[in-house]
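# Examination of the molecular architecture
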Amino acid sequence: NNFNQVPEPSGDCMTGVILCDKSPFTVDFINGVGNVSGEIGNTGCSASPGCNFVESSSSWYRWTCDQAGTLTFSLNPLNPIDDLDFVLYELPGGLDDCNNKLNLRCMASGENVGAPLAEWISCTGATGLVAGDTDATEFCGCQPGDNNFAGEIVMVPGRSYTLVINNFSNSGSGFSVEFGGTGTFVGPTAAFTNDESDNTLCIGESIRFTDASSFIGTIEEWEWDFGPGAIPATANTQGPHTVQYNRPGIKSILLKVTTERGCFITTIDQITVECCDDHFDISSLLTDENCPGDETGAIDLTVTNDYGPYEYTWDNMVLTEDQANISQGDYMVTISDAATCDTVLTFAVEGPAPFEYDTLVIMPTCNGGTDGAITLVVSGGTPPYLYNWENTGFTSNNTYANISQGDYTVVVQDQNGCEETLVLPVTELILELDPAVVAFTSPTCTGFSDGTIEVVIVNGLPPYQYDFNDGNGFVDENALANLSAGLYTVEVLDANLCRGFFEFELVDPAPLEVVLQIEDTGCFGADDGRITAIASGGTGDYLYNWSTGETNEIAENLVAGNYTLTVTDENDCELIVSGEVQQPAPVLIEVGDITNVICFGDATGVVSVIGSGGVPPYTFSVDGTTFQADSIFTDLPAGAYTFTVMDAEECTATVEGTVTQPAQLTVDAGADQLINLGFSADLLATPSDLMVSYTWSPANSLNCDTCAAVVASPVNNTTYEVTVTDQDGCTATDSVRVLVVKDRPVYIPNVFSPNDDGVNDGFTAFAGPAALEIENMKIFDRWGELVFDQSNLPLNNPLAGWDGTFEGQAMGSAVFVYLIDIRFIDGIVVQYASDVTLLR
């Protein structure tokens, strides 16, 4: 709907395609730059040195803004690696003035000429304007930061714009364009109305279509297509146009309008053309049957409209317009015309009802009696009726009397002269049983002999005699008793020697049977057994009496044992059955091996249990809730446990088991101690079991880390932890804290006499075990000159210090200043500064 292919592109601005809306389109092939050269001119892209941006395989498009708003678009080359460039201009002089174009956006990013494709392929492919992009221009080649897109523009109503699309690759392959943004292009709006409010009309009715298109300029062409079956089918003027349709269906009405500038747009709407109720003019003449079943009925149809010829399909497979020689009944026909409309009609052909007869015969007495009669009651056809008995002529008498046995013919004629001939047989009297009397009763239970026969005659002339074929011949007694199941025949004679022969079959009821469905107890000693009785046979209405006292078909909550059931049916027939509820063997459990906890407080106990009896397989639990297939329980702490076994029927048994543990292993590392820096502390571990090994940590300040008694020499506050391990690998741990007082005693003399007398001949620093060495010692004279500078000197050794010389010359008596850096065993360096007097 509403798609029109954009015309082939032009390589010149003035002949560029005018776009009337923002519908997307595709250009398959492009070639050349048109007839006007240099139209791109001085663009923003050319502002970069070396970027000579000129036309190559160009396509120009023009439009005018209708409603203000943004404009974005996406250009996609059909050949994915083609380098597409574009320039977007404003045309200040209007749509037909390509001079003085104002460059709004310029995109030349793409191929680095002469460079490998891998360097610039990221600048090929899709390009265009996109919201949020800050670029107005991207220059030639593939520059760092190029993304092949520029920012959107905001169009102004009434202003005209032109877009030139360059295929710099000159591949000849085209591109696709898809516009976005909120602004719109000036173009016509195609629309039309019709005079049917619901867009629905009947075949043959007229509908008028009125142009409702709009455009700020001039619309010069209208192209109408009114759809299949329309008269007229098309039109090329504005209209309005009046149209009829000769076929039903949904019709698509198309209007294409074209402006004076060649802009065109299409709209499509739909109407529905129907076959309406008055589409056919049909009359009918029906002829009913004269006599029942004589097939003299007929249907004569007359069908007219403007859309013949017609097709007829009757439900009795007749394909003609009319039907003749048909019987009464309903006939349905489907009528279709050349317009494909159809209608379904039903016609009822009537007639008299079929003849029906009710014959009442009085049988003549036996041995040639002539006291018989026939009375014929007739319905159907068309009353009143006439009767012709034995070809004696038609009369209204429906009874023929004083007849003996034989076949009698009668012709029945109704008011329409319709006739039917009947042959009615008449036989001598046959004795019949009185239907109000029960002639026999079968035995009450299978195998019983309590059946009876009683013969009561409803016609004939008493007295009657009865022969039961029991060897006693005819007797006056009409009943027999104490009969078992079987077939019995009886012959009866009345006073006129009329006979009757009767058979009676006495049948035993089906044998009373009971099937017991037994559900054994689930577990040994349980009372969840159940027996369900399913009774059949007998005479139904069963009563149940269990040895447990229950009186329905199910006995529940049974323990193992034998149970008896008596079932009685409606005739008090009785059957006694019994069944046994069984139980499985009891489930048993016993403790197997127990491995006690090795170390106090651990969870290393192991207990194995053994299940038996019941119905394997078994599962086991130590808490009575969570069961496992494994019969061994591990990681148990010391304690008393109740172990449970459960079999496949969920029957359970329990057993007690106890896991023990040894006495707790302990160790005492002694009280915390306080020492001065550089001194030691004696530590002693006292365990509860002497057969242990020792491990102290940290070990770096200990004289032994595997002894019971150790000497600790920390330089900082330290917590020592001792772990003892017995022969079973059990451990105990304790700790002791040694606090170090950072006392740093240092003695530096204030005078020395280097005169080689063996007393105070050298100058140095003296300290206790807390100090490690003299890291550096500097001596300055009174004028600040450095006369001694040594590092890493031992403490407490004057001969290793300053000997009172400078550059090999003895210094005279004087006062000197010293700076001494002393490093202590805890890594701290302390500087001492003062003066010393040298005496000669």
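Each chain carries its own residue numbering, running from 1 in the written order of its sequence. Local features in this predicted model are restricted to residues of pLDDT 70 or higher, and side-chain atom pairs are both shown and tallied only at a pLDDT of 80 or more, whereas totals for entire chains, interfaces and linings draw on every residue. Side-chain descriptors were evaluated using all non-hydrogen atoms of the structure, hydrogens and water having been removed beforehand.

A helix here means a DSSP run of H or I that spans at least four residues, while a strand means a run of E at least two residues long, and both kinds are numbered starting from the N terminus. For T382, the location among the structural elements is in the loop between β29 (372-381) and β30 (386-389). Here a polar contact means two N or O atoms within 3.5 Å. Within protein one must be a hydrogen donor candidate and the other an acceptor candidate, and residues neighboring in sequence count only if both atoms are side-chain atoms. Engagement of the side chain of T382 in a polar contact is seen with the side chain of N416, the distance being 3.0 Å. Contacts are residue-level and defined by heavy atoms, with any inter-residue pair within 4.5 Å sufficient. Contact partners of T382, with chain neighbours within four places excluded, come to P352, D414, Q415 and N416.

Attention now goes to unusual backbone geometry. Put simply, P383 and P384 share a cis peptide bond, and its omega is -5 degrees. Mapping P384 onto the fold places it in the loop between β29 and β30. The step from P616 to P617 runs through a cis peptide bond, and the omega angle for that step is 0 degrees. Counting through the fold element by element, P617 comes out in the loop between β49 (605-613) and β50 (619-621). Phi angles above zero are rare outside glycine, and N170 is one such case at about 55 degrees. Among the structural elements, N170 can be located in the loop between β11 (160-167) and β12 (173-180). Categorising residues by exposure relies on relative accessible area from a 1.4 Å probe, with only protein chains included: less than 20% of the type maximum marks a residue as buried, more than 50% marks it as exposed, and the intermediate range marks it as partly exposed. Residue classification places N170 among the partly exposed positions, given a relative accessible area of 49%.

So, on to a negative patch on the surface. Patches here are clusters of residues that have more than 30% relative accessible area and form no salt bridge, with a 9 Å joining cutoff for like charges and a 5 Å cutoff for nonpolar side chains (Val, Leu, Ile, Met, Phe, Trp, Tyr). For the accessible areas, the method is Shrake-Rupley and the probe is 1.4 Å, while residue cover comes only from the protein chains on display. Think of a salt bridge as a Lys or Arg side-chain nitrogen and an Asp or Glu carboxyl oxygen that are within 4 Å of each other. When charges are counted, neither His nor the chain ends are considered; positive counts come from Lys and Arg and negative counts from Asp and Glu. All charge positions are set by atom: Lys at NZ, Arg at CZ, Asp at CG, Glu at CD. Together, E220, E221, E223 and E260 make up a region of like negative charge exposed at the surface. Tracing the backbone through its elements, the reader meets E221 in strand β16 (residues 219-225). Residue E221 is classed as partly exposed on the basis of its relative accessible area, which comes to 43%.

Glancing now at the state of the cysteines. As used in these notes, a disulfide is a covalent bond between sulfur atoms, one from each of two cysteines. Working definition: a disulfide is two cysteine sulfur atoms within 2.5 Å of each other. In total, this model carries eleven disulfides according to the counting rule given. Paired through a disulfide, C366 and C498 show a sulfur-sulfur distance of 1.9 Å. Taking the sign of the S-S torsion, 130 degrees for the link of C366 and C498, the bridge is right-handed. With C366 in the loop between β28 (353-362) and β29 and C498 in the loop between β40 (486-493) and β41 (499-506), this residue pair connects regions lying 132 residues apart in the sequence. The exposure class of C366 is buried, given its relative accessible area of 12%. Across a sulfur-sulfur distance of 2.1 Å, C704 and C707 are joined as a disulfide pair.

Once that is clear, we can look at the nonpolar core. Definition of nonpolar core: a set of buried residues of the types Ala, Val, Leu, Ile, Met, Phe, Trp, Tyr and Cys, connected through side-chain atoms within 4.5 Å. W696, F763, I779, W802, F816 and I820 are the most contacted members of the largest nonpolar core, which totals 49 residues. A per-element tally of this core places strand β69 (residues 814-824) first, with six residues. Beyond its immediate stretch of four places on either side in the chain, F816 contacts I779, F780, D781, V787, W802, M811, S834, D835, V836 and L838. Membership of the second largest hydrophobic core comes to 35 residues, among which are F209, W222, A235 and V333.

Before going further, it helps to spend a moment on the pattern of salt bridges. Under the criterion given, the structure shown has ten salt bridges. Note that D96 is salt-bridged to R62, the shortest N-O span being 3.5 Å. Here D96, found in the loop between β5 (84-91) and β6 (102-109), pairs with R62, found in strand β3 (residues 58-64); they are 34 residues apart in sequence, far enough to count as distant. R62 gets classed as buried once you look at its relative accessible area, which sits at 4%. One network of salt bridges, in which partners are shared, links R62, D96 and R261.

This brings us to the sheet that holds strand β33 (residues 406-413). Strands pair, by our definition, only if DSSP identifies at least two bridges between them. Strands sit in the order β31-β30-β33-β34 across an open sheet of four strands; the sheet is antiparallel. Only two strands of the sheet have a single partner each, and these edge strands are β31 (394-395) and β34 (419-426). Of the strand pairs in this sheet, β30 and β31 are connected by two bridges, and their pairing is antiparallel. Following the sheet pairing, Y387 is matched in β31 by T395.

Let us now look at the sheet that holds strand β22 (residues 281-287). On the basis of which strands lie adjacent, the open sheet formed by three strands has the order β22-β23-β25 and antiparallel pairing. The strands lining the two open edges of the sheet, one partner per strand, are β22 and β25 (323-326). In this sheet, adjacent strand axes meet at a mean angle of 10 degrees when their direction is disregarded. Where β22 and strand β23 (residues 297-304) come together, seven bridges link them in antiparallel fashion. Along β23, the bridge assignment pairs T287 with A298. The convention used is that axes are lines fitted to C-alpha atoms, helices contributing only their stretch in contact, and that angles between N-to-C directions extend from 0 to 180 degrees.

Both β50 and strand β52 (residues 639-646) contribute to a ladder of three bridges, which runs antiparallel. Pairing of F620 across the sheet is with V645, part of β52. A loop of five residues connects β52 with strand β53 (residues 652-659), the two strands running antiparallel in sequence, and E650 in this loop sits at a positive phi of about 65 degrees.

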